[in-house]
Structure formats: structure tokens, C-alpha cells
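A look at the structure
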Amino acid sequence: DAGVIQSPRHEVTEMGQEVTLRCKPISGHDYLFWYRQTMMRGLELLIYFNNNVPIDDSGMPEDRFSAKMPNASFSTLKIQPSEPRDSAVYFCASSSLTGTENTGELFFGEGSRLTVL
Amino acid sequence: RKEVEQDPGPFNVPEGATVAFNCTYSNSASQSFFWYRQDCRKEPKLLMSVYSSGNEDGRFTAQLNRASQYISLLIRDSKLSDSATYLCVVTGGGNKLTFGTGTQLKVEL
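Residues numbered from 1 in each chain as written. Chains lettered and ligands numbered in written order. Predicted model: local features only at pLDDT ≥ 70, side-chain atom pairs only at ≥ 80, totals over all residues. Heavy atoms only, no water.

What follows covers the nonpolar core. Of all hydrophobic cores here, the largest spans 23 residues; its most connected members are B:Phe21, B:Trp35, B:Ile71, B:Leu73, B:Ile75, B:Tyr86 and B:Leu105. Discounting residues that sit within four places of it in the chain, B:Leu73 has contacts with B:Val19, B:Ala20, B:Phe21, B:Trp35, B:Leu47, B:Met48, B:Phe60, B:Thr61 and B:Tyr86. Listed in part, the 21 residues of the second largest apolar core include A:Val19, A:Ile47, A:Ile79 and A:Val116. (Core = buried A, V, L, I, M, F, W, Y, C linked by side-chain atoms within 4.5 Å. Buried < 20%, exposed > 50% of the residue type's maximum accessible area, 1.4 Å probe, protein only. Contact = heavy atoms within 4.5 Å.)

Bringing the state of the cysteines into the picture now. All names here are of chain A. Under the definition given, this model contains two disulfides over all chains. Bridging cysteine 23 to cysteine 92, the disulfide has an S-S length of 1.9 Å. Handedness here is read from the sign of the S-S torsion; for cysteine 23 and cysteine 92, about -65°, the answer is left-handed. Within this pair, whereas cysteine 23 is found in strand E3 (residues 19-24), its partner cysteine 92 is found in strand E9 (residues 88-95), the two being separated by 69 residues in sequence. The same class applies to cysteine 23 and to cysteine 92, which are both buried. (Disulfide = S-S within 2.5 Å. Helix = DSSP H or I, 4+ residues; strand = E, 2+ residues; numbered from the N terminus.)

Listed per partner, the contact involves 23 residues of chain A and 19 residues of chain B. In total, about 1700 Å² of surface goes out of reach between chain A and chain B, with carbon and sulfur atoms giving 51% of it. Inspection of the region where chain A meets chain B yields zero salt bridges. At the surface where chain A touches chain B, the tally comes to three residue pairs in polar contact (both at pLDDT 80 or more). Of all elements in the fold, only strand E4 (31-38) and strand E5 (42-50) of chain A reach the threshold of two or more residues within the side of chain A that touches chain B. (Buried area = accessible area lost by both parts, 1.4 Å probe. Salt bridge = Lys/Arg side-chain N within 4 Å of Asp/Glu carboxyl O. Polar contact = N/O pair within 3.5 Å; in protein donor to acceptor, adjacent residues only side chain to side chain.)

Residues and elements named next belong to chain A. Counted under the stated rule, the structure contains 13 salt bridges over all chains. Close ionic contact of arginine 85 with glutamate 83 constitutes a salt bridge, the shortest N to O distance being 2.6 Å. Linked by salt bridges that have partners in common, Glu62, Arg64, Glu83, Arg85 and Asp86 make up one network.

This paragraph deals with the sheet that holds E3(A). All names here are of chain A. The strand order E1-E3-E8-E7 describes an open sheet built from four strands, whose pairing is antiparallel. Strands at the two margins of the open sheet, each flanked by one partner only, are strand E1 (5-7) and strand E7 (65-71). Within the sheet, the average angular offset between the axes of one strand and its neighbour, ignoring direction, is 15°. One ladder, built from five bridges, connects E7 with strand E8 (residues 74-79); its direction is antiparallel. Each bridged residue has a counterpart across the sheet, and for serine 66 the counterpart in E8 is lysine 78. (Pairing = 2+ DSSP bridges. Axes fitted to C-alpha atoms, helices over the stretch in contact; angles between N-to-C directions.)

As a further point, take the side chain of A:Thr20. Locating A:Thr20 in the fold gives a position in strand E3. When residues no more than four places from it in sequence are discounted, the contact partners of A:Thr20 are A:Pro8, A:Thr76, A:Leu77 and A:Lys78.

As a further point, take the pairing of strand E4 (residues 33-38) of chain B. Most of E4(B) sits inside the fold, with five of its six residues counted as buried. Connecting E4(B) to the antiparallel partner strand E5 (residues 44-50) of chain B that follows it, the hairpin turn spans five residues, and B:Arg41 within it adopts a positive phi of roughly 60°.

Enumeration according to the criterion identifies 13 aromatic pairs over all chains in this entry. On the numbers, 5.8 Å between centres and 45° between planes, the contact of A:Tyr35 with A:Phe108 is tilted. Of this pair, A:Tyr35 sits in strand E4 while A:Phe108 sits in strand E10 (residues 107-108); the two residues are 73 residues apart in sequence, bridging distant segments of the chain. For the pair A:Tyr35 and A:Phe108, one class covers both residues: buried. Three or more aromatic residues joined by ring pairs form one cluster here, namely A:Tyr31, A:Phe33, A:Tyr35, A:Tyr48, A:Phe91, A:Phe108, B:Tyr36 and B:Phe99. (Phe/Tyr/Trp six-rings, centres within 6.5 Å; stacked < 30°, edge-to-face > 60°.)

Moving on to the sheet that holds strand E3 (residues 19-25) of chain B. All names here are of chain B. The five strands lie next to each other as E1-E3-E8-E7-E6, forming an open sheet whose pairing is antiparallel. Each end of this open sheet is capped by a strand with a single partner; those strands are strand E1 (4-6) and strand E6 (55-57). On average, adjacent strands in this sheet sit at an angle of 20° to one another, irrespective of strand direction.

Next up, the structure:
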């Protein structure tokens, strides 16, 4: 079975440009998470969705960041305009959490490595 | 104070050694605890859950101390293939998982 699929794997762009990162979760998973990872701050949760609805976006750094999930099989994370401090690896993860039990298993994509010059 | 704190390491150990990592968390209401493993330039993957009574999975033992708000991971008979970054993960409210910054382990010949 295919895992979480992210694109692009690498992106280099110039400050001020719009960046769109894409994610296809594992089929049947009802939770989708966007994380950002840097050496200094580790993995930070940006936003997560349940059944395509944003549940917690408190980790989104500022208005330049937006995320959408138009359907169960696709999500985007957009940065506009991009800045050098946005350089990081952006991970998408999906999960199927039933009831109140949290198995803690998130399935991560391979990440999108963003460099903003 | 960070929600989840870990010693970044690196821990350099010889093959066959026993090594232990600790992790502290700030939210006393945290319910679930996990260890993830992340290889260099790869995505994190679940290693094991941490149960209140402690649990083992082969060479790996995880323990939880709620009173002191820390969890630990012990690796016995370490292998070269254990070299990775180990991420401590804690859940707060709902399904939000908070990751530590990770502890790097290097197992050497």
C-alpha cells in the first residue's frame, strides 16, 4: 500500500515567492497533520485536520501560512510570501484514530525540504 | 519551558553497550507517551508506546514516571543499526502529539 505522499521533495525558491506543498494521506485515514522540522526547534505541529476540517491551527506561525484540505485525499500547505526563516523540512502525516484511544502512530511522508534564499 | 525536553546528545556508544535516554514533559495532564525513531534525512517512525507499568519490545525498554514527569528508553546490546535520533512524544488534549527535539545516538564498532 502507498504511504503518505508529499510533493515536491525539494524546493528552492527566492524570498517573496509563493510556495505550495502537497500531501496525499493514506487512504482511509481521517486525521492529517502538517509538521515543520528545523535543527533548532525540532518537529513543530503547524495544523491538523479531522475529516477534512481544521481542528487546531495554533501552530501556524503567521498569516503567511495557510493550509487546506478540500477532500479526504489531498491537502496543501501554502506560504505566501516566503521568507528565509521558513527554510525547513515540512512533513505531512496521517493517522486513523478511533474513539478516544490514541495509538500514537502517525504515518509520515518523506517530507518536503524547503530552502528560501 | 519546552513542553517536551530531551538531551540532544550525541550519545556515542560501542556496539553491544546499553544506553538510556530520558525525556521530561511539562504538562501533568498528558495522557499518552511514545518513542519515535528518525534516521538521518528520513521521516520519523513509531518505535514503541510507553505504558504506565513499563514495557519491553526486544532490546528496547520504555518506562514512565508520572510523578516526576519523565519517560525513559533503554536500549540493550546496541547495534550499529540503532544509530538514529530518538524522539520523545507526548499527547496533551485531543489527538495533538508534541515531539521533543530528539536525542542522537551513534553506535560505533
